[in-house]
Amino acid sequence: MTLHYMSGGTRFNAVGRGPNAVTVSGTAHASFPIANMHSYRPRQPFSWNAGATDLRAIVDVDLCPDGGFEGTLATEWQDSDSGDGASTQDSGVKSAGTYSLKLVPGASGVAARFLVNSVQVRPGERFTVRAQIRQDGTGEVGVRIYIQEMNQALNPSGAFVTLSGDALSGVKTSADTSAAFELKTQTFTIPTRAELGGAREVGLLLWPYSSDSTVTAGYVDELELIPEINTLAVVGNNWPGSVAPVWRSDDDSAFGSAVTRATLTIAKPNIYSLLETGIYARYWDVKLTGFPNVDVPRMGELVMGYSETLAAAPAWGFERTYRREQLRFNTPEGDVHTDGLSDFRRRSARWVFPSQAEAEVTEALDELIEACQHGENPVVVIDDQDGDCIFGRVPPSYTVTHAHVEQWRHELSLIEEPHMVWIDG
Ligand SMILES: [Ca+2]
Ligand SMILES: [Ca+2]
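None of the values given here were measured: they were computed from a predicted structure.

Asks: Would you explain the overall build of the protein chain in this entry?
Replies: Check the secondary structure of the protein chain and you find two helices and 31 strands. In terms of overall dimensions, the protein chain has a C-alpha envelope of 80 × 60 × 45 Å along the principal axes. Considering the protein chain as a whole, with its 425 residues, one finds that 39% of them fall into the buried category. Taking contacts inside the protein chain between residues at least 6 apart in sequence as the whole, the part at least 24 apart equals 75%.

Here it is, written out as structure tokens:
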């Protein structure tokens, strides 16, 4: 049995994490808006207004705000010029849209802008950063990728090192005199929690930069920060078996060259898909082909992210208990009427992990219990063998027993978040 999990703060879900709004084809129900799709509460469902064929939920997972430099520049990009360097919005040279960021270092200055608000990232997360970069003249134009708390910047070989001088990541052009935009990309991993001094989140800055006086002008456009994704979970759904949903990705918002990553198997209450290899793509969608018009599709939460495989495998399957959520009306006289029942039974689940040594217990607890802050943050656990997926929280305490000499045992419990309650008629 293999357990996969996504946790580690409210930012584990790429849906709704970035600055760009989640959209749908078709119309959202007025009472169950798109924000409910990623509200971290399965009991706040999203619903379309009506069933139709080929309904889609479309997610832009880019985490860089205004990487196209199309808005008021100072809103997202803090001026960090020095000397006679200058960084400005430029409409004459751009890769897409109306503007690019123009960097003119000058004879004795630095031309640079960094994000006003750093992007909060977690230890061990993997990203790809990419940008269209052009330089006129020799020298270097590029993007620093910088962790504020550590004063460390990514170097071209993929390591975070203490910032010194004019360090640039691999996202740069060097001595390029072709005077054309080129797509530059670098994939990198945020350091481990230990390397980050125990921090559970750190701020990542993107920092377009040129200090090279031989650069006449540099241009940066379409700067994107894309998280790695390997897992989809649809938490709470009313989708019938006649629907064949697909999960797709594309780097083009029009999905003109979309790749189908998975065809989903309908399951209640939760549907999941695990990809063998993580994917970096900016746009993702879930497309429901052939939804019958007799009902409208709903979902409690849409989750996309990167799930880890738990280092220690549990033994003996897992135990589940059930509770059916109710809407009750209690009269002052004490009469009780049950007005509604949840479509789905709320579950709690328990896995048992035999361990040979205390160190193994500690390692397992650190891995998941610490990541979800002892229940403060939600966690998605996928039991791959059982084919089940639960969105819930670990209880505030966990069980570790040392029943026999050299035989440790610990238990992971998960309490499922309540699902939607619908009142029919
Ligand atoms: Ca929700
Ligand atoms: Ca642009």
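Having put the structure on the table, let's press on.
Asks: Help me understand unusual backbone geometry in this model?
Replies: Excluding glycine, most residues fall at negative phi; most peptide bonds, likewise, are trans. In this model, K268 is joined to P269 through a cis peptide bond whose omega is -5 degrees. If you trace the backbone, P269 turns up in the loop between β20 (259–263) and β21 (270–279). Of note in this structure, D54 is not a glycine but carries a positive phi near 60 degrees. One can find D54 in the loop between β3 (46–47) and β4 (55–60).

Asks: How do you make sense of helix α2 (residues 358–370) when you look at a structure like this?
Replies: Residue pairs three or four apart in sequence face the same way in an α-helix, which turns once every 3.6 residues. Residues of α2 that are buried include every one of V361, A364 and L368, and no others. The buried residues of α2 occupy an angular sector of 70 degrees when the element is viewed end-on, so they sit on one face. Exposed residues lying more than 90 degrees from the buried face of α2 are A359 and D366.

Asks: Looking at this structure, how should I read the sheet that holds β21?
Replies: Sheets are built from strands that pair by backbone hydrogen bonding, the pairs being arranged parallel or antiparallel. Strand order in this open sheet of four strands is β3-β23-β18-β21, and the pairing throughout is antiparallel. Looking at the sheet topology across the chains shown, the edges are occupied by β3 and β21. Across two bridges, β3 lies against strand β23 (residues 298–305) in antiparallel orientation. The partner of S47 across the bridge, within β23, is R298.

Asks: When you look at the environment of N377 in this model, what are you seeing that I'm missing?
Replies: For N377, the position within the fold is in the loop between α2 and β27 (379–383). In sequence terms N377 and G8 are 369 residues apart; their C-alpha atoms lie 6.8 Å from each other. Residues contacting N377, with those up to four places away along its chain left out, are S7, G8, G9, T10 and C372.

Asks: Help me out: how do you make sense of the sheet that holds β20 in this one?
Replies: The antiparallel open sheet is built from five strands, whose spatial order is β2-β4-β22-β19-β20. Each of the sheet's edge strands pairs with one partner strand only, and the pair in question is β2 (23–24) and β20. The sheet contact formed by strand β19 (residues 244–250) and strand β22 (residues 283–289) spans seven bridges and is antiparallel. Bridging across to β22, S249 finds its partner in W284.

Asks: Could you clarify how one ought to interpret the environment of Q385 in this entry?
Replies: Mapped onto the elements of the fold, Q385 is located in the loop between β27 and β28 (388–393). Residue classification places Q385 among the exposed positions, given that 12 C-beta atoms sit within 10 Å. For Q385 and A267, which are 118 residues apart along the polypeptide, the C-alpha to C-alpha distance reads 15 Å.

Asks: Is there a simple way to explain the environment of S413 in this structure?
Replies: As for its placement among the helices and strands, S413 is situated in strand β30 (residues 407–416). Since 18 C-beta atoms lie within 10 Å of it, S413 is described here as partly exposed. Separated by 20 residues in the primary sequence, S413 and R393 place their C-alpha atoms 8.4 Å from one another. Leave out the neighbours within four places in its chain, and S413 touches S348, R350, V394, P395 and Y398.

Asks: I'm lost on the pairing of β28 in this one. Help?
Replies: A regular strand places its side chains on the two faces of the sheet in alternate fashion. Pairing between β27 and β28: five bridges, direction antiparallel. Residue D383 lies in a different strand from β28, and its bridge partner there is D388. Between β27 and β28, which follow one another and run antiparallel, lie four residues, and G387 among them has a positive phi close to 75 degrees. One ladder, built from two bridges, connects β28 with β30; its direction is antiparallel. Looking across to β30, one finds that G392 is bridged to E416.

Basis of the calculations
- Residues numbered from 1 in each chain as written.
- Chains lettered and ligands numbered in written order.
- Predicted model: local features only at pLDDT ≥ 70, side-chain atom pairs only at ≥ 80, totals over all residues.
- Helix = DSSP H or I, 4+ residues; strand = E, 2+ residues; numbered from the N terminus.
- Buried ≥ 20, exposed ≤ 12 C-beta atoms within 10 Å, placed from the backbone.
- Contact = placed C-beta atoms within 7 Å.
- Arc of directions from axis to C-beta.
- Pairing = 2+ DSSP bridges.

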